[in-house]
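Listed here are the chains, written in short residue letters.
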Amino acid sequence: MSNTDREDEQMREEKTTFGFWVYLMTDCMLFAGLFATYAVLRNNTYGGPSGFELFNQKFVLTETLILLTSSFICGLVVISARKKDMDRLVRYLAITGLLGVIFLGMEIYEFRSLINEGNSWATSAFLSSFFVLVGTHGLHVFVGIVWMLLLQWQLLFKGFKPIVLTRVKLFGMFWHFLDVVWIFIFTFVYLLGGLKL
Amino acid sequence: MLGLLTNFAHLSGKTDPVILGAQIALIGGIIAVALVITILGRWRWLWYEWLTSLNPKRIGVMYLIVAFLMLLRGAVDAFMLRLQQTIGSGGGEGFLDANHFQQVFTAHGTLMIFFVAMGLMFGIINLILPLQIGSRDVAFPFLNSLSFWLYLVGVGIINTHLIVGGEFAATGWLAYPPLSGIEYSPGPGVDYWIWSVQIAGIGSLLSGVNFFTTILKLRRKGMTLMRMPIFAWSVLGSMTLVLFTFPILTVALALLALDRTFAMHFFTSSFGGNPMMYINLIWAWGHPEVYILILPAFGIFSEIVATFSKKRLFGYTSMVWAIIAITFLSYIVWLHHFFTMGAGANVNAFFGIATMVIAIPTGVKVFNWLFTMYKGRVRMSQSMIWFIGFLFTFTLGGMTGVILSIPPADFQLHNSLFLVAHFHNMVIGGVVFGYMAGLTYWFPKMFGFKLHEGLGKAAAWSWIIGFLVAFIPIYMLGLMGGTRRFEKFDPSLGYHPLFVVAGIGVVIIGIGVVLQVTQLIYSILNNKKLADKTGDPWDGRTLEWSVSSPAPEYNFARLDEVNYRDEYWERKKTPAADLVKYKDIEIPKGSPIGMFIGIFAYLFAMAVIWHIAWIAALSIVIISAFVVARLNDDDIVKTIKASQIEKIESSYGGM
Ligand code: HEM
Ligand SMILES: [Cu+2]
């Protein structure tokens, strides 16, 4: 026993991880609110185009596969962190982020083409709720990418400090969470919305 | 470049005396405080000991101070409303026209709920919860300071229009669209409301994460959930609700803001928007919110009743289950706020019955308190006076609540003064009385001296009597058909006499407030005489009483295992005589970053309200930079030496 009563590393990691789970749950509630709003408003096209006319499912499927791949590689990130394999860790982290950037780029492209065709968020309640639901997910992905960059930087300068490793783990949780949310978006917005009912 | 501020000139053209008075009071107050600090040479002290502190006991005190100032403003608003209604029901014009009256009740409701009730709640939780569960700190000290600053930013935004001129929202405290949409409320008033509530709400959400984690992860070794004091349980229930509902508030406000700022169509009356969606979202947060506020009050009373009856709390297990049941049920009743808005008979029946069912666990708690007092050695301290007041008024409010939960009755009473009387019955008789009881009970633990008993009792009685005189007539007016949110009533309706009585009640409440301020000043001046040297002035039962008053920065010098529910009570029976050596203790260093983030959050909100995109974007970048700076800082703890601890501990001779 040392002479200092300090929180031990394990306790710190445990409470941080738990707290992050709790935060993710609140984020889940946030998306639940947006999903509910989308569900209520999705048919309120006000004479404008519906999802069936707007969505390009092949394009979105590509987006989905890219995000899924990045999520898989993010799993490898966490494993390399546990093995303290710096080389792999940095490399996988970079690939995860890169795929995230591609995903985000595609989403921005999709948004831009919708707007250029005159179907902006101001067109109808349906489009407002579409842009905000998908856009909020996109915003999260953006935050994830910035986070990833900061992690790279910290790994470079601080190495395998316990706190940095905890953050890698939290980043993994966050990225998988975004993946799950996207699966819901893909299913409810694009797949079901693309059906002509 | 300056967005809507370019047309600022036309706003500040007309000043009316009410706003002018507020401006003078606010600006004068700020200058006076700054002067006093400068004269006393206390800036450094303020900065290091308070503003940058990550110590929850300090943060808690800051919450309390701000909440009290806002209580004063909210009470002045309430006084103006009632005075106007009294004059306006007797045929006079009064001093507030319809639009001003609307702004004042909107500000009053928002202030009282978000900045008074929530502020008092988080203040008390910060000060007491870690002590009660035997912890040295909260789970995330920095996040805690950030929450406080975001709360303060909310306070700042809602008061800004008083200083810069212009209007506040005139939409009611929940700002229903389409009225609150850009089409019908084109001015910045609703935006002030949105961003004030939004930023404070995010602060509350972060606090929710923090305290939820604190309770579940930082309890003292041996303190199982079923050994946890009831106050901690009630906070756990309350924080669970925060986690599940504040994100919904965030969504509702964000969508309303997007409608207003980016011409979206979530809640507009055309382009397919659906205002009912907002009303559902806001009440899915709003109803649980009142339970977020009342649960800790229940917890406070449980502690007080047990302590002042010198008995173990009756029915601990049933209390826990009642808290859990209320937490769950309060989540599925929100529709009772709009029975009249066309959901249909079956849906109304479900929500009506679910609402009535909440009366059962609440009744369980009331009986448990009564049985705790039964055959106890009850001491009628000032905290107990608040409890007695609570017991009667809250039961009354509960019964009128059950009346309102019957859909056919609600069709008559919806939006009436009966409703106004009902919810004030709950928030004054329940929340305010509860927190006042808690403050008088824990005051010695917070500040090291007791509050004067006589003045406190007089204040409590004034509040209780004042409340009844002020709101029983409002119940009656509601039954007579009086509608809420009106500044004038035709004299032929005969409402005037009852409004006069209600006005007298408000004056009595006002006397209560004055007595409280007097009590506070008197007790501060006589703090030597009222000092609490033992750390245990009421013969308490739970761990917070086992340390000195006020508690040392590190809370507990030693982390002895907990073996009982009323741990400290048991320890007092068999004092341990072992002399264990103290160890150094690590605690978090202060940090100004929470405040810096707050400053830029305020700037961000102002920029959005005034449509100055570049300032908004810049603020976000700067906030992110501060977050990164904090995350990158490894030098965040300081050590208190064992020798120092020994000195502190022996100076009060506790165990
Ligand atoms: C100090 C004693 C108080 C008095 C005399 C008072 C008086 C009033 C009055 C006259 C109104 C307007 C009623 C109407 O619409 O006709 C009002 C509304 C309201 N009050 Fe109070 N109030 C008091 C304390 C509180 C407290 C402590 C809270 C909450 C913690 C609170 C929350 C509200 C809310 C939410 C509204 C509704 C505002 C709206 O219609 O949008 N009040 N109050
Ligand atoms: Cu309710």
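Residues numbered from 1 in each chain as written. Chains lettered and ligands numbered in written order. Predicted model: local features only at pLDDT ≥ 70, side-chain atom pairs only at ≥ 80, totals over all residues. Heavy atoms only, no water.

J.: Account for the coordination of the iron atom of ligand 1, with residues named and values stated.
T.: His108(B) (NE2) and His424(B) (NE2) make up the full set of protein donors to the iron atom of ligand 1, lying at 2.0 Å. Judged by its relative accessible area of 14%, His424(B) falls in the buried class. (Donors = N, O, S within 2.8 Å, 3.2 Å for Na, K, Ca; no water. Buried < 20%, exposed > 50% of the residue type's maximum accessible area, 1.4 Å probe, protein only.)

J.: Tell me about the interface of chain A and chain B, and please be specific about residues and values.
T.: Across the contact, 40 residues belong to chain A and 40 residues belong to chain B. Taking both partners together, chain A and chain B bury about 3500 Å²; carbon and sulfur atoms supply 67% of that area. At the junction of chain A with chain B, the criterion picks out three salt bridges. Across the pair Glu14(A) and Lys217(B) runs a salt bridge, and its minimum N-O distance is 3.1 Å. Run the count over chain A and chain B and you get twelve residue pairs in polar contact (both at pLDDT 80 or more). For the side of chain A that touches chain B, the secondary-structure elements that each account for two or more residues are strand S1 (4-5), helix H1 (9-41) and helix H5 (125-158) of chain A. Tallying contributions element by element places H1(A) first for the side of chain A that touches chain B, with 18 residues. For the side of chain A that touches chain B, the class distribution of residues is 19 nonpolar, 14 polar and seven charged. (Contact = heavy atoms within 4.5 Å. Buried area = accessible area lost by both parts, 1.4 Å probe. Salt bridge = Lys/Arg side-chain N within 4 Å of Asp/Glu carboxyl O. Polar contact = N/O pair within 3.5 Å; in protein donor to acceptor, adjacent residues only side chain to side chain. Helix = DSSP H or I, 4+ residues; strand = E, 2+ residues; numbered from the N terminus. Nonpolar A, V, L, I, M, F, W, Y, C, P; charged D, E, K, R; others polar.)

J.: Describe the environment of Ala32(B), with residues and values.
T.: Residue and element names in this part refer to chain B. Note on placement: Ala32 falls in helix H2 (residues 17-40). On the basis of relative accessible area, Ala32 is assigned to the partly exposed category, the value being 40%. Along the backbone, Ala32 and Ile324 are 292 residues apart, and their C-alpha atoms lie at a distance of 47 Å.

J.: So what's going on with the packing of helix H4 (residues 86-116) of chain A against H5(A)? Residues and values would help.
T.: Residue and element names in this part refer to chain A. Relative orientation of the contacting elements H4 and H5 amounts to 155°, with a least axis distance of 9 Å. As far as their axial angle goes, H5 and H4 are roughly antiparallel. H4 and H5 meet at a crossing whose hand is left-handed. Tallied by class, the residues present in the contact of H4 with H5 amount to 20 nonpolar, six polar and two charged. (Axes fitted to C-alpha atoms, helices over the stretch in contact; angles between N-to-C directions. Parallel < 35°, antiparallel > 145°, perpendicular 65-115°, else oblique. Left-handed = near helix turned anticlockwise from the far one by under 90°.)

J.: Explain unusual backbone geometry to me, and be specific about the residues and the numbers.
T.: Residue and element names in this part refer to chain B. Pro177 connects to Pro178 through a cis peptide bond whose omega is 0°. If you trace the backbone, Pro178 turns up in the loop between helix H6 (141-164) and helix H7 (189-217). Along the chain, Ser549 connects to Pro550 via a cis peptide bond; the corresponding omega equals -15°. Here Pro550 shows up in the loop between helix H16 (496-525) and helix H17 (567-573). Even without a glycine there, the phi angle at Arg485 is positive, about 65°.

J.: How would you explain the coordination of the copper ion (ligand 2) if you had to name every residue and give the values?
T.: Only His287(B) (ND1), His336(B) (NE2) and His337(B) (NE2) from the protein reach the copper ion (ligand 2) as donors, at distances of 1.7 to 2.0 Å. For His337(B), a relative accessible area of 22% gives the class partly exposed.

J.: Give me the site of ligand 1: which residues, what numbers.
T.: Residue and element names in this part refer to chain B. The local shell around ligand 1 holds 22 residues, among which His108, Trp173, His424, Arg484 and Arg485 are the closest. Interatomic distance of 3.2 Å between a side-chain N/O atom of Gln85 and an oxygen atom of ligand 1. One of the backbone nitrogen or oxygen atoms of Trp173 is found 2.7 Å away from an oxygen atom of ligand 1. With seven residues, helix H14 (residues 417-447) is the largest single contributor of residues to the shell around ligand 1. (Near = heavy atom within 4 Å.)

J.: How would you sum up the side chain of Ser405(B)? Please name residues and give values.
T.: All names here are of chain B. Topologically, Ser405 is positioned in the loop between helix H12 (382-404) and helix H13 (407-413). A relative accessible area of 1% places Ser405 in the buried class. A distance of 2.7 Å separates a polar atom in the side chain of Ser405 from the backbone oxygen of Val402. Beyond its immediate stretch of four places on either side in the chain, Ser405 contacts Phe339, Gly352, Thr355 and Met356.

Geometry only, nothing functional implied.
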